[in-house]
Every structure is written in structure tokens, then in C-alpha cells.
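If you want the building blocks of each chain, they are given just below.
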Amino acid sequence: MAFYADKDYTQDEASLEAANQVMQGNLSLHWYDANTEKIKGKPADLRRGLTYQDLDIGSYGYSSIPEHVRNSQSMVARGSEKWGKLPDMGYVINRKSEIWSDNVTSLYEEDKARRWTPAVDVPWIELDARPLPAELEAACAQLYTFLQECALVSLDFSSRWVSLVNQDFIEQKSWMCAQMLGWARLNEAFRKRALYGGAGLKRASVAAEQGLKEWLFADTFPQGSFSINLSLGGFVLAVCRQVAAFAPSRVDRALMGYAMQDTARQTAYGYGQLRYFLQHRPLEANAMQEYADETEHVMLALMGNPELLEPLIIIAGGGLEKDQVRNGRIAVSKFIRLVAREYFERIEAAGLEGRSRRSRIPALVDRIEVPA
Amino acid sequence: MAVSFPSTEYFEALRDRMAAEQEKFRRLGFIDTTFGVRVGHNGKTRNFVLEFEVFELKGVREVDAIDPQKVDFTIEGDAGVWREMIENIHRNGEADSSHDINTLAHFGEQLKVVYDSPDGHDKLYRFMESIQRFFDLSSKLDVRFN
């Protein structure tokens, strides 16, 4: 056991007697006049229902969370009265700038409103009516094998940190749970797509997994969020857009249409978190640049590995004939440029100025470019 | 009655269809974005600003120029590309994968997405299913092209 409660409640006569008194009808009502604020929540827009934004009121609101959460280390819900010997949960993220993004609550509400169900929202049976040629189906199987690796590590990232975040950040923790559910849903969709097509799963990517493990185990949340939410999220978003644009079937187009919405939300949080962090901790920009210097190579492990590039080429070209592969290579070359351009756009807009000039990525992208 | 493209009346007709089919859009979830549509023709452009809120198109207006600070993103392209998309939607009931907004704008070679903030740009993808479904309602309109 890592923790023992302050007493064994089966042995505590005082606790049993208190319960007995209540059940005898002698209510204490000591909670009735709790020293808390009385408010009345009201939906700003009935079409949207009652949202967390509607409850951003007084001491209950997230706007009033200070940068340093000093006196709240138990699991008490923000705004309730603290009394007695509440346990110290040992949270390690107690600074708002380390975790917060101004879009957290809207992303959380949006995530729930725009949820989808892979089991029924993807027209699976169309693959029965119009099966893909074997080489295209195999390429899809490899692609969706790769994407599962991305989804699973992203799920792990939120789950690795959520229990370490101070309970005062209720909306943030709720968003992290939504992120986990979102990545679980994407993993489900990618897995079902691969297995429904009949080609099974294909090969794992050593380069991607080595790199993703480096990102997953970043020392701090802002660093890991920069890598997983912003960089990986933006990368998977671009893959979804690419596959939707060259979709070999209506199934792939529908799936990627939903998937791009989910991954765009992850990216939006990653962007917002990095921006919030750097706005409130400008002196940390150099350290973040150095972190990017060290770990940015993973971008190349992701977008340069054959387990991704080859299926993307076959899908974009439509097959394995010489002309198809040539067309596919050109399309994937444009995709790599797009990934790199948008990656630098996001992180520079978030506050890491001059990143594209400092980075090794642009020169390496030049080396694998295919002229149109 | 036919509506012309591009025009405010075209987008208002889509807005009315969207309201009539609100249940479908409710299933897709909130759509909270304001974006521009720019249509080029013979060296001139016509510019529209579309403001979506919750499940509906709250407002549409034609403007002389789109202020990038006041929109999340702008989709721009020649009238011919827009026409091809709308005619494809009319033929198929919805855009096929060669003619949807994602494909046409993917490499910026047919339609182009311009934006000031990457966060605004990403909203196109956060709400893509609703935005595409909105344009797919063109299948229920009689559209003539200016």
C-alpha cells in the first residue's frame, strides 16, 4: 500500500457512533451552512445547454485559479469548504501556466458535442460492395497500423499526467480524459478499418516508436504537450487530410473526415498550451528551444519512415504501377512540405520565434524532396 | 427559384436549408467559426463573411475586403473551381472525394486557405464535417453562375 488512511474505519467507534446517530434521526447538518459561495448557474445559450463556461463564476470559476495553487492539495472539488484532515495527494502540476490553455473548456464542450461512433458512423459495408485492389488494401492496412501507434502513445501521454495535475484544474483534467477517449476512439477506428479490409495489420515502425517514446517521456508537461499534442497532433491531422484527399474508398474518406476533427482539437490544445506557457513564462522560451533542438528529430522519424511513406505513396498514386508510384511520390513530397510548414507556423505563432531558422528539419526535408 | 453564385442570396439559401435540416447538423455538434469565402473572376473578387454559431449560420454578408483579423480563415479560389464543386455536389448529392473542400484546398492548388493564425486555420478541420455538409446542401438548390 502506498498510503494508509488516518484510521481503520471498521475499528473507529466514533465514526460508527456518528453514523448511528444520523440513522437514529439525529442529523448534525454540519455541512448545511458550509462556508461556500451561493451562486446560480444559467446557460448562456439553451441550444448549447449548460456548459463549463456558464459556470465560470466567482470562487467556482476557472478564471479565478491563480498561477500558483498553494493551499489545495487534496481531492476536494474547487470551491467547496475544506475542513478537517484532508489528504495531500502529492500533485506535481500546481502552476496554471504549466497546463492551461485558454481554449480548454471550449474544446472540452466541443469534443462532447462533436463525438462520433466508429462502429456506426463509418459506412463499413461499402468496402464489401467495392473492395479495394489488393495492393491498395495492403497499403491501407500498413497505414492504419502506423496510425494506431500514434493514437496509443497519445492516449498514454494524457493518462501519464492526469493524476499528477492539481484537482483545482477540474476542467483541464476533464479535457485530458476527453483526449484519452478521443485517442481511444481513433485507435478503435484505425484498428477496425485495418481489420475490416481483410489484409490484417502490417508492420510496426521502429523509427516512429523510438521517437514517440522519447516524446512520451518528456521531463515536463509543457515539453511533452509541445511534442505530443502540438507536434504529433498536427502531424496526424495532416495525415488524415492527406488520406481524405486521396481516399481510396468512401470508408476511408468518412473515417478521415471525422478523424481530422478529433486531431485538430488535440492540435488546438497543444498550440494553446504552448502559447499560454510562453506568454506567462517568457524566460522559459530558451529552454523550450533547447528541448526542441534535442527532440525535434522525431518529426523526421515520423514523416520519413518507410512504414508510413510507402503506404501514403501507394494510396496517393492509386497503386504500384510506375506512373502511379511517381504520382504518389510527388503527392507525398508535397505532404512532407505541408507538415513541416504548418509545424513551424504553429510553434512560431505560439511564441517560439525563429524556430524554422534554427531547426535542422527544413534542410533534411530538402534532401528527400521529389521534384514535380 | 434559382439563386446565383456567388451571392449573399446563395449563402442565405444554404442557411435556410441548414435550419430546415437542423437535426443532421445537431448530430455533428457545435460549429463555432467565422470564415471568409473569396471568389475570383476575371481579375475581380467577391468576398463573403460567414458566421456560424452553435448549429446555424448566424450571419452572412458581402464585404469589399475580408479582414483576416476578424475571420478564422478564408477559402479562396477562382469562380471556375467553386462552380465545379457546386456542380459536382448537384450531380452526386454531396461532393465526391475529388471535389470536397479538403481535397480542393489540400495543397492550395485549386482552392487556397489563407489565415493569420494557425489556430484559426485548424478550425477548418475541427468543423470540417459541418462545413462540408453545409456546402453539400447546394444539391438542393437551383444554382446559376454569374
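Keep in mind that this is a model prediction, so the values were computed, not measured.

A.B. asks: Teacher, can you tell me more about the interface of chain B and chain A here?
C.D. replies: Frequently, the measure chosen for interface size is the accessible area that the parts lose on association. On the chain A side, the residues contacting the 35 residues of chain B number 38 residues. Between chain B and chain A lies a buried interface of about 3,000 Å² when both sides are counted; carbon and sulfur atoms form 49% of it. Sorting the residues of chain B by area buried against chain A places F30, H106 and R126 of chain B first, and these three jointly supply 23% of that buried surface. The interface formed by chain B and chain A contains 8 salt bridges. Between E56 of chain B and R47 of chain A there is a salt bridge, with its nearest N and O atoms 3.2 Å apart. In this structure, the connection of chain B to chain A is made through 20 residue pairs in polar contact (both at pLDDT 80 or more). Elements supplying a minimum of two residues to the side of chain B that touches chain A: helix 2 (22-28), helix 4 (101-105), helix 5 (118-126) and helix 6 (128-136) of chain B.

A.B. asks: What am I meant to see in the pattern of salt bridges here?
C.D. replies: Opposite charge on two side chains lets them pair, provided their charged atoms get close. Counting across every chain of the model gives 40 salt bridges over all chains. Among the salt bridges present, the one from E342 of chain A reaches R241 of chain A, with a minimum N-O distance of 2.8 Å. Within this pair, whereas E342 of chain A is found in helix 13 (residues 322-350), its partner R241 of chain A is found in helix 8 (residues 221-245), the two being separated by 101 residues in sequence. E342 of chain A sits in the buried class, given a relative accessible area of 3%. A relative accessible area of 1% means that R241 of chain A is categorised as buried. K334 of chain A is the salt-bridge partner of E109 of chain B, the closest N and O atoms lying 2.7 Å from each other.

A.B. asks: Any chance you could explain the side chain of Q73 of chain A here in plain terms?
C.D. replies: All names here are of chain A. Relative to the helices and strands, Q73 resides in the loop between helix 1 (13-23) and helix 2 (104-113). Within polar-contact distance, the side chain of Q73 engages the side chain of N94 at 2.8 Å. Excluding residues within four positions of it along the chain, Q73 makes contact with P87, D88, M89, G90, Y91, N94 and N166.

About the criteria used
Residues numbered from 1 in each chain as written. Chains lettered and ligands numbered in written order. Predicted model: local features only at pLDDT ≥ 70, side-chain atom pairs only at ≥ 80, totals over all residues. Heavy atoms only, no water. Contact = heavy atoms within 4.5 Å. Buried area = accessible area lost by both parts, 1.4 Å probe. Salt bridge = Lys/Arg side-chain N within 4 Å of Asp/Glu carboxyl O. Polar contact = N/O pair within 3.5 Å; in protein donor to acceptor, adjacent residues only side chain to side chain. Helix = DSSP H or I, 4+ residues; strand = E, 2+ residues; numbered from the N terminus. Buried < 20%, exposed > 50% of the residue type's maximum accessible area, 1.4 Å probe, protein only.

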